[in-house]
Amino acid sequence: MRRNGEAAIFVENRGFMLQRVMRVAPARRIARLLDALLPQDCVLCGLRAGDSPLCAGCRADLPALPAAHCPVCALPVATAQVCGRCLKHPPAFDATLALWCYAAPADHLIHALKFHARLPLARFFADALAALDLPPVDRLLAMPLHPRRLAERGFNPSVEIARALARRTGVTFDAFALERLHDTPPQRELAWSQRRRNVRGAFALHRDADVRGLHVAVVDDVLTTGASLHELARVLKAGGALTVTALVLARTPKLRGR
């Protein structure tokens, strides 16, 4: 609530209420204050992690993506050149930047946000993405959820990460530019050969969104076959987007026979 230009923030701390009155400040100053008042435990090991959701030891255990990877789909390869699959079947997106390989403990961390609503992880992921050598982009977008799925979960993890990344980088984020038209089965439940068919026609560009001539970056959690990102990029290119870059938390390894 506001009182004479000041905001009263109530913080519950170990069974009693601590009331502090402070001048209205930018969101990042408020977040830092709350982090200082409420030290966090590490999401993975439970040890005290200070103002981060992850302790230093668990951060060091995150499986970094190898430097030699395909610049289009981020698949680890022997040399940092476009992989055979992207040469044979070029996806609609132009490049992918990924933080980690999809392996422990990165997979547990992603699940903690996605399925257990550990929302402070969104800012942690955004800070990690911002530390990459990001290309100059005009617009940030996020992989959309169908309204039914959004109502069940209560939030869209990709939107939360993209919003935090926009604050961190100053790039404009449009949370409503993309729509998911069909409540398709989760990709993880399907064979790789079925995934592209599953998402065909699943996305649309909102009628008020204008991406003509823009370099847009789409935030998503995990890239496996790239089917969803391909379909989304196809829609964006049809709407006039010049370049589409995928920003993902993790890239799955190539699995034999797929």
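Because the structure is predicted, anything quoted here is derived from the model rather than measured. (Residues numbered from 1 in each chain as written. Predicted model: local features only at pLDDT ≥ 70, side-chain atom pairs only at ≥ 80, totals over all residues. Heavy atoms only, no water.)

(A) Summary view of the packing of aromatic side chains. Under the definition given, this model contains 2 aromatic pairs. Here a set of aromatic residues connected by ring pairs shows up, and it is made of Trp100, Phe124 and Phe125. (Phe/Tyr/Trp six-rings, centres within 6.5 Å; stacked < 30°, edge-to-face > 60°.)

(B) Highlighting the sheet that holds strand S11 (residues 243-251). Strand order across the open sheet formed by 4 strands is S6-S11-S10-S7, with parallel pairing between neighbours. Because the sheet does not close on itself, it has two edges, and the strands there are strand S6 (95-101) and strand S7 (139-142). Each adjacent strand pair in this sheet contributes to an overall mean axis angle of 20°, direction not counted. Here strand S10 (residues 215-223) pairs with S11 via 8 bridges, running parallel. (Pairing = 2+ DSSP bridges. Helix = DSSP H or I, 4+ residues; strand = E, 2+ residues; numbered from the N terminus. Axes fitted to C-alpha atoms, helices over the stretch in contact; angles between N-to-C directions.)

(C) Region of interest: helix H7 (residues 157-169). Along its 13 residues, H7 runs 18 Å from first to last C-alpha, staying within 8% of the 18 Å computed at 1.5 Å per residue. Inspection of H7 places Pro157, Ser158, Val159, Ile161, Ala162, Ala164, Leu165 and Ala166 among the buried residues, and these make up the whole buried set. Buried residues belonging to H7 abut helix H4 (106-116), helix H5 (120-130), S7, helix H6 (147-153), S10 and S11. Where H7 starts, the residue carrying a side-chain oxygen 2.9 Å from the main-chain nitrogen of Ser158 turns out to be Asn156. Looking one or two residues beyond H7, the residue adopting positive phi is Gly170, at roughly 85°. (Expected span 1.5 Å × (residues − 1). Buried < 20%, exposed > 50% of the residue type's maximum accessible area, 1.4 Å probe, protein only. Contact = heavy atoms within 4.5 Å. Polar contact = N/O pair within 3.5 Å; in protein donor to acceptor, adjacent residues only side chain to side chain.)

(D) Spatial organisation of the pairing of S10. For S10, the buried fraction is high: 9 of the 9 residues fall into the buried class. Sheet analysis places S7 next to S10, joined by 4 bridges and oriented parallel. Each residue of the ladder has a partner; that of Leu140, found in S10, is Ala217.

(E) Representation of the pattern of salt bridges. For the structure shown, the criterion picks out 7 salt bridges. Between Lys237 and Asp94 there is a salt bridge, and its shortest N-O distance comes to 3.2 Å. With a gap of 143 residues between them, Lys237 in helix H9 (residues 227-238) and Asp94 in the loop between helix H3 (84-88) and S6 connect regions that are remote in the sequence. Of the charged contacts in the structure, one is a salt bridge between Glu160 and Arg163, with a shortest N-O distance of 3.3 Å. Placement of both Glu160 and Arg163 in helix H7 is noted, with a separation of 3 residues, approximately one turn of the helix. By relative accessible area, which is 25% here, Glu160 ends up partly exposed. (Salt bridge = Lys/Arg side-chain N within 4 Å of Asp/Glu carboxyl O.)

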